Amino acid sequence: MIQSVKLSKLRLSASNVRTAPDESLQIEPFAADLEARGVLQNLLVTPVSRPRGTFEVFDGGRRWRALNMLVARGVINPDEYDVPVRVLKGDDAELTETSLAVSFHHMKLSPAEECRAFQHFLNGSTDIDAVAKRFGVTRRFIDGRLRLADLAEPIFSALANGELTLDMAKAYASTGSHERQLRVWQTYSAMVHYNADAIRRVIANDTMRANDPIALLVGVESYEAAGGVVDRDLFSNAGERWTNPEIAQTLAAAMMEAEAKRIGEERGLAWIRPVASHSTWDAARSLHRIALPVQPMSPAEAQRVDEIEQRMGELQQEMENDELTEEAFTACDAEYDALGEELEALQRRPSVLPAELVSRVGAFLTLSQTGTMVLDETYYSETPIRVTVVEPEPVEGDNGETDETDEGVADGEGEGSERVRAEPTFRIEEGAATPVTAGNPKEVDPDNAAPGGKALSQVLSDQLAMQRRDVLAASLIASPGLALDYMLFAMADARRGTSSNDGTTISAHAPQDPILSTNMPGSRARDYLAEVRDGLDESWGASDDKVMRFEAFRALGDEVKSAWLAYIVATSLEAKESYGSNRQNPLHGRMASILEVDVASWWRPTSENFFDRVSKGSLISLLHEVGGPALSSRHASEKKTEISASCQKLFAGEAIVETDVKEAALKWVPTAMRFSDTVVGGESQDDGAQGDIADLIEGTSDDTGEDDLAALVGDGPDDAETGEVETNGNAQIERDHQNDDDVNEIVAAE
């Protein structure tokens, strides 16, 4: 039976199983809830003999502690406050067991249940602060539970079903955008090694910090007025984040462009380029820094320097006098220090930008960490420029003596020297700073140019050449007939002494690549070559005797030999025609044309293999090429690493863009990865014949059952006599040359 007992008549029983300190029992928020709603659940008590009419609480100790906290605060009067209780009697063991049973079977709400409960009764309510006060928690706690309740449905379902921890759910809820939550969920939910911090970092990468220099420049009012959304991570101290960084970047770009235009018109410089960073290193890499001369001293300044140095010497001697009084020494020392500072100021000469150079140089408008636009006073030019001071030629009267016979020098002693002294001039030389012996500057090879026209670095050019070669090699796997044609041609051409690098290492040596394979980015073509190698039949190589291995290889079927042949030829391809050139071998281009190689299906540009390796300007040019000014301007004010990451998504088909932009991006490969094919001296033979060699690859054999591939090579010197070509006048009977469309192709695995 439930009855009421004054709080002052209750004390805590030793049989109560909860003995943890108040801090761990969260008494503070419980007290706030009891103050707002009162005691909703009765306490279990047992009567005691002394003092008469008192009871011990053996279950409900948290409620009893919270009520007494309210007593200590003066909120309630223990002599007047009624507490609902249920009185039970029993020995200590029975009471302890009852207390344990109540607590043991008490099940706390799951995080999902708790979140949806808050959402249910707060739906549409604006009085969240009052709710937080009643529950004894902060406003941020309530906002966090509402954010969790509003998780995208697949993520919330995983939390409700126990498939997702509360920490991981908080990481996904660090943004309120369902689109971003789902994008990360679909990519990383199956990756068990990603923890909450990793998920939070992935989500944060798509946003902009509120204290980012670009955000500070734009201001939250302008950002929100343009449609931007401010998101707050309610589960960490990361602060506010802007979920539409492209809006802020567009606004910042417009502001910096306008300021750059104003400064350019004011100063008359050739250009002012805005850089949304405090560093100009990346933007200035392709430019030439101008070393400006310093302002020479005027005669008066030079004279003053001499006077100071003379006086400092005199003071030094005076201070070395042991008979000098303390006051006099202090005065000399103070004068010496003042003269030293004056001398240092005179010798610290400012740089001079000659007026005739202003229209030929430019500078960068940078963005400080506090979001302030700052003009970097370092000047750059597109071509090397050297500026030197030309000292004025000595003229009559320049030595300081007055010539009374000259007009205008008799008015005062010493005035003639200043009047006739010429101002210094500057010699400006454009071109290399040191003598050039190689003639004109080297032009950029179009086949080795990055988007925008600048040359690729040598390392990147070599890597792209090797990856282009790998694409051809992977495609050549499916055409052993073509591989055999190529092998025989290269061998015969070399034997005749007319070979000029046919683009292969045949005799099956691996090519001498310009870059170590361990330094190469991964690619689909390279992985496919490795898969083919693992699938080759190596049973013939079991013997230690080379003759036995050779005979075992000869005994293999034509299909196995064809696979080995195609693999050996494919992996013999050289990446470039020569190491001193970036030109691809024209035979590679021809074979790629015959095979109809689609480079884009084998190789996609990534940050690792391309975008991080070219300049920011090249990336902007590429975005302009693929998506026009709308796409390039969207990323113009971003950092290079951010543009690179965006390009990787775009050119992998993962970015949400217009259909035509996506199609263009998926088809694009750099010029250095494209195969060029020029047919010289005759028509293309794409639809012609490949000859009986391809028939041998098919595995056909004559009635004797001899190995056709071995028959082609021949078993002895007499074989050559059977290869006669019959001629009759001007007519020549040629053997039909079959196209390897008839070959049983080895289809490349997707």
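Note that the structure is predicted; figures quoted are calculated from it, not measured. (Residues numbered from 1 in each chain as written. Predicted model: local features only at pLDDT ≥ 70, side-chain atom pairs only at ≥ 80, totals over all residues. Heavy atoms only, no water.)

To continue, consider the sheet that holds strand E3 (residues 43-47). Picture the strands of a sheet paired through backbone hydrogen bonds; they go either parallel or antiparallel. Read across the sheet, five strands follow the order E1-E5-E3-E4-E2 without closing on themselves; strand pairing throughout is mixed. Either end of the sheet is taken by a strand with one partner, and the two such strands are strand E1 (2-6) and strand E2 (10-12). Between one strand and the next, the sheet's axes are offset by a mean angle of 50°, whatever the strand orientation. By the bridge criterion, four bridges tie E3 to strand E4 (residues 55-59) in an arrangement that is antiparallel. Each residue of the ladder has a partner; that of proline 47, found in E4, is phenylalanine 55. Docked against the sheet, helix H4 (residues 92-104) engages E3 and E4, running at close to 45° with respect to E4. (Pairing = 2+ DSSP bridges. Helix = DSSP H or I, 4+ residues; strand = E, 2+ residues; numbered from the N terminus. Axes fitted to C-alpha atoms, helices over the stretch in contact; angles between N-to-C directions. Contact = heavy atoms within 4.5 Å.)

Attention now goes to the side chain of lysine 576. For lysine 576, the location among the structural elements is in the loop between helix H22 (558-570) and helix H23 (586-595). A relative accessible area of 7% places lysine 576 in the buried class. A distance of 2.7 Å separates a polar atom in the side chain of lysine 576 from a polar atom in the side chain of aspartate 462. Ignoring anything within four residues of it in the chain, the contact list for lysine 576 reads Gln458, Asp462, Ala465, Ser581, Asn582 and Arg583. (Buried < 20%, exposed > 50% of the residue type's maximum accessible area, 1.4 Å probe, protein only. Polar contact = N/O pair within 3.5 Å; in protein donor to acceptor, adjacent residues only side chain to side chain.)

Turning next to the confidence of the model for the chain. Mean pLDDT for the chain: 76, with 77% of residues reaching 70 or above. Counted against residues more than four places away or in other chains, residues 398-420, with its pLDDT under 50, gives 20 contacts. With pLDDT under 50 throughout, residues 686-750 is counted as low confidence; its partners more than four residues away or in other chains account for 87 contacts. (pLDDT = per-residue confidence, 0-100.)

Quick look at the pairing of strand E5 (residues 82-87) now. Note: E1 against E5, five bridges, orientation antiparallel. Within the sheet, the bridge partner assigned to valine 5 lies in E5 and is valine 83. With three bridges joining them, E3 and E5 adopt parallel strand pairing. Bridge pairing in E5 links leucine 44 to arginine 86.

Here we take up the environment of valine 597. With respect to the helices and strands, valine 597 occurs in the loop between H23 and helix H24 (599-602). With near-sequence residues (within four places) excluded, valine 597 lies in contact with Val471, Leu472, Ser475, Ala592 and Phe675.

For the structure on display, the rule yields 23 salt bridges. Where glutamate 179 meets arginine 183, a salt bridge forms, and the shortest distance between an N and an O atom there is 3.8 Å. Taken together, the positions of glutamate 179 and arginine 183, both in helix H10 (residues 178-188) and four residues apart, correspond to about one turn of that helix. By relative accessible area, glutamate 179 is classed as partly exposed at 49%. Judged by relative accessible area, which is 31%, arginine 183 ranks as partly exposed. Where arginine 311 meets glutamate 314, a salt bridge forms, and the shortest distance between an N and an O atom there is 3.2 Å. Here glutamate 314 and arginine 311 lie together in helix H15 (residues 299-319), a separation of three residues that amounts to about one turn. The class of glutamate 314 is partly exposed, set by a relative accessible area of 33%. Through salt bridges with shared partners, a single network forms among Arg311, Glu314, Glu318 and Glu335. (Salt bridge = Lys/Arg side-chain N within 4 Å of Asp/Glu carboxyl O.)

Let's shift gears to a negative patch on the surface. Taken together, Asp91, Asp92, Glu94 and Glu97 make up a surface patch of like negative charges. Note on placement: aspartate 92 falls in helix H4. The class of aspartate 92 is exposed, set by a relative accessible area of 56%. (Patch = residues over 30% accessible without salt bridge, like charges linked within 9 Å, V, L, I, M, F, W, Y side chains within 5 Å. Areas by Shrake-Rupley, 256 points an atom, 1.4 Å probe, with all protein chains shown as cover. Lys, Arg positive; Asp, Glu negative; His and termini not counted. Charge placed at Lys NZ, Arg CZ, Asp CG, Glu CD.)

Here we come to a nonpolar patch on the surface. A cluster of nonpolar side chains, contributed by Val17, Leu100 and Phe104, occupies part of the molecular surface with about 300 Å² of accessible area. Residue placement: phenylalanine 104 occurs in helix H4. Here phenylalanine 104 falls in the exposed class, since its relative accessible area comes to 62%.

Further remarks concern H15. In this model H15 runs 30 Å from its N-terminal to its C-terminal C-alpha over 21 residues, within 8% of the 30 Å that 1.5 Å per residue would give. Turning to H15, its buried residues number three or more, namely Val305, Ile308, Met312, Leu315 and Met319. Down the axis, H15 shows its buried residues gathered within 95° of arc, on one side only. Exposed residues lying more than 90 degrees from the buried face of H15 are Gln310 and Gln317. Here the buried face of H15 lies against helix H16 (326-347). (Expected span 1.5 Å × (residues − 1). Arc of directions from axis to C-beta.)

Moving on, we get to the nonpolar core. Ranked by internal contacts, the top residues of the largest apolar core, which has 50 residues, are Leu456, Leu464, Val471, Val599, Trp603, Phe610 and Phe651. With seven residues, the top contributor of residues to this core is helix H18 (residues 458-476). The residues touching leucine 456, leaving out its near neighbours within four places in the chain, are Asn448, Ala449, Ala450, Ser461, Leu464, Phe610, Val614 and Ala672. Core analysis: the second largest hydrophobic core is formed by 27 residues, Ala248, Ala260, Ala276 and Ile385 among them. (Core = buried A, V, L, I, M, F, W, Y, C linked by side-chain atoms within 4.5 Å.)

A few words on the packing of aromatic side chains. Two descriptors summarise a pair of aromatic rings, namely the distance from one centre to the other and the angle between the planes of the rings. Under the definition given, this model contains nine aromatic pairs. Taking 4.1 Å as the distance between ring centres and 10° as the angle between the ring planes, the aromatic pair formed by tyrosine 223 and tryptophan 242 counts as stacked. Within this pair, whereas tyrosine 223 is found in helix H13 (residues 220-225), its partner tryptophan 242 is found in strand E8 (residues 240-242), the two being separated by 19 residues in sequence. The burial state of tyrosine 223 is the same as that of tryptophan 242; both residues are buried. With centroids separated by 5.8 Å and ring planes inclined at 65°, the aromatic side chains of phenylalanine 610 and tryptophan 668 adopt a geometry described as edge-to-face. You can see phenylalanine 610 sitting in the loop between H24 and helix H25 (616-634) and its partner tryptophan 668 sitting in the loop between helix H27 (659-667) and helix H28 (692-697), a full 58 residues away along the chain. Tryptophan 668 carries the same exposure label as phenylalanine 610, and that label is buried. Three or more aromatic residues joined by ring pairs make a cluster, and in this case those are Phe610, Phe611, Phe651 and Trp668. Cation over ring: arginine 116 sits above phenylalanine 156, and NZ or CZ is 3.7 Å from the ring centre. In this arrangement the basic side chain of arginine 273 is found over the ring face of tryptophan 271, its NZ or CZ atom lying 4.1 Å from the centre. (Phe/Tyr/Trp six-rings, centres within 6.5 Å; stacked < 30°, edge-to-face > 60°. Lys NZ or Arg CZ within 6 Å of the ring centre and 35° of its normal.)

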